[in-house]
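Remarks on the overall topology
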Amino acid sequence: MSSPEEFFARVRRSTGAVRTTPASGPAYWRTAWTPRHTVAAVLLAAALFALNGTVAGWGTGPAILGVLALVSVAGALVLASYLPSPGAPATASTCAAGPAVMTIAATFLIGQQPVTLASVALAGLLLVPAAGLRAFGPTACAS
């Protein structure tokens, strides 16, 4: 073996030893999301829609109720992501609490201003960074 190229050409490699499981993003959630998360998301969506509808007033138009439904589903997905995966310990941190606080703040904002389509949509925009933090943030925050 006169050169490093010859040496490394003869050394056996284990490609499976260096593969790591993803800690965030869509690849992580494909493995971490369970039917239990789906059931929790459906129940939370119904509860959030009832809460948001009550805060906004049920007498609003169908367009506003449609946007409230979307806001409720997005908030439910954010909140359901806090359930630990099977076999994973339940942990909490102040950093990971941000998306949950944003979900609560969206409902609070819906009730604070006159309910229009624009105000409900703007309150729902709080859930965009909340969902992003839950989807891609587990590497930055313990959840």
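Right, let's walk through the structure included here. (Residues numbered from 1 in each chain as written. Predicted model: local features only at pLDDT ≥ 70, side-chain atom pairs only at ≥ 80, totals over all residues. Heavy atoms only, no water.)

Within the protein one finds seven helices and zero strands. Per-residue burial for the protein yields a buried fraction of 28% across its 143 residues. Contacts in the protein between residues far apart in sequence, at least 24 positions, make up 74% of those at least 6 positions apart. As displayed, the protein offers around 8,800 Å² of accessible surface, 71% of which is attributable to carbon and sulfur atoms. (Helix = DSSP H or I, 4+ residues; strand = E, 2+ residues; numbered from the N terminus. Buried < 20%, exposed > 50% of the residue type's maximum accessible area, 1.4 Å probe, protein only. Contact = heavy atoms within 4.5 Å. Areas by Shrake-Rupley, 256 points an atom, 1.4 Å probe, with all protein chains shown as cover.)

This next bit is on the packing of aromatic side chains. For the structure shown, the criterion picks out two aromatic pairs. Taking the centre distance of 5.0 Å and the plane angle of 75° together, the rings of tyrosine 28 and tryptophan 29 count as edge-to-face. Tryptophan 29 gets classed as buried once you look at its relative accessible area, which sits at 15%. Ring geometry for tryptophan 29 and tryptophan 33: centres 6.1 Å apart, planes at 70°, overall edge-to-face. Owing to a relative accessible area of 27%, tryptophan 33 belongs among the partly exposed residues under this scheme. An aromatic cluster of three or more residues is present, and its members are Tyr28, Trp29 and Trp33. (Phe/Tyr/Trp six-rings, centres within 6.5 Å; stacked < 30°, edge-to-face > 60°.)

With that settled, the discussion passes to a nonpolar patch on the surface. Where nonpolar side chains cluster on the molecular surface, the patch consists of Phe7, Phe8 and Val11 and spans about 270 Å² of accessible area. With respect to the element layout, phenylalanine 7 can be found in helix 1 (residues 4-10). (Patch = residues over 30% accessible without salt bridge, like charges linked within 9 Å, V, L, I, M, F, W, Y side chains within 5 Å. Salt bridge = Lys/Arg side-chain N within 4 Å of Asp/Glu carboxyl O.)

Bringing helix 4 (residues 62-80) into the picture now. Here helix 4 contains 19 residues, and its C-alpha end-to-end distance of 26 Å stays within 8% of the 27 Å for a straight helix at 1.5 Å per residue. Listed in full, the buried residues belonging to helix 4 are Ile64, Val67, Leu68, Val71, Ser72, Gly75, Ala76, Val78 and Ala80. Looking at the buried residues of helix 4, the elements they touch are helix 3 (35-56), helix 5 (98-112), helix 6 (117-124) and helix 7 (127-136). (Expected span 1.5 Å × (residues − 1).)

So, on to the environment of threonine 54. Within the secondary structure, threonine 54 sits in helix 3. Overall, threonine 54 belongs to the exposed group, its relative accessible area being 55%. In sequence terms threonine 54 and glycine 111 are 57 residues apart; their C-alpha atoms lie 8.9 Å from each other.

A few words on the environment of leucine 126. Mapping leucine 126 onto the fold places it in the loop between helix 6 and helix 7. For the pair leucine 126 and leucine 109, spaced 17 residues apart in the sequence, the C-alpha separation amounts to 9.7 Å. For leucine 126, the contacting residues outside a window of four places in its chain are Met102, Ala105, Ala106 and Leu109.

If you look at the biggest cluster of nonpolar residues, it comprises 10 residues: Ala56, Ile64, Val67, Leu68, Val71, Ala106, Ile110, Val120, Ala123 and Leu127. With sequence-adjacent residues up to four places away left out, valine 71 is seen in contact with Asn52, Ile110, Val120, Gly124 and Leu127. (Core = buried A, V, L, I, M, F, W, Y, C linked by side-chain atoms within 4.5 Å.)

Our next topic: helix 6. For helix 6, the full list of buried residues reads Ser119, Val120, Ala123 and Gly124. Projected down its long axis, helix 6 carries its buried residues within an arc of 135°, all on one side. When the buried face of helix 6 is taken as reference, the exposed residues oriented beyond 90 degrees from it are Ala118 and Leu122. Residues of helix 6 that are buried sit in contact with helix 4, helix 5 and helix 7. (Arc of directions from axis to C-beta.)

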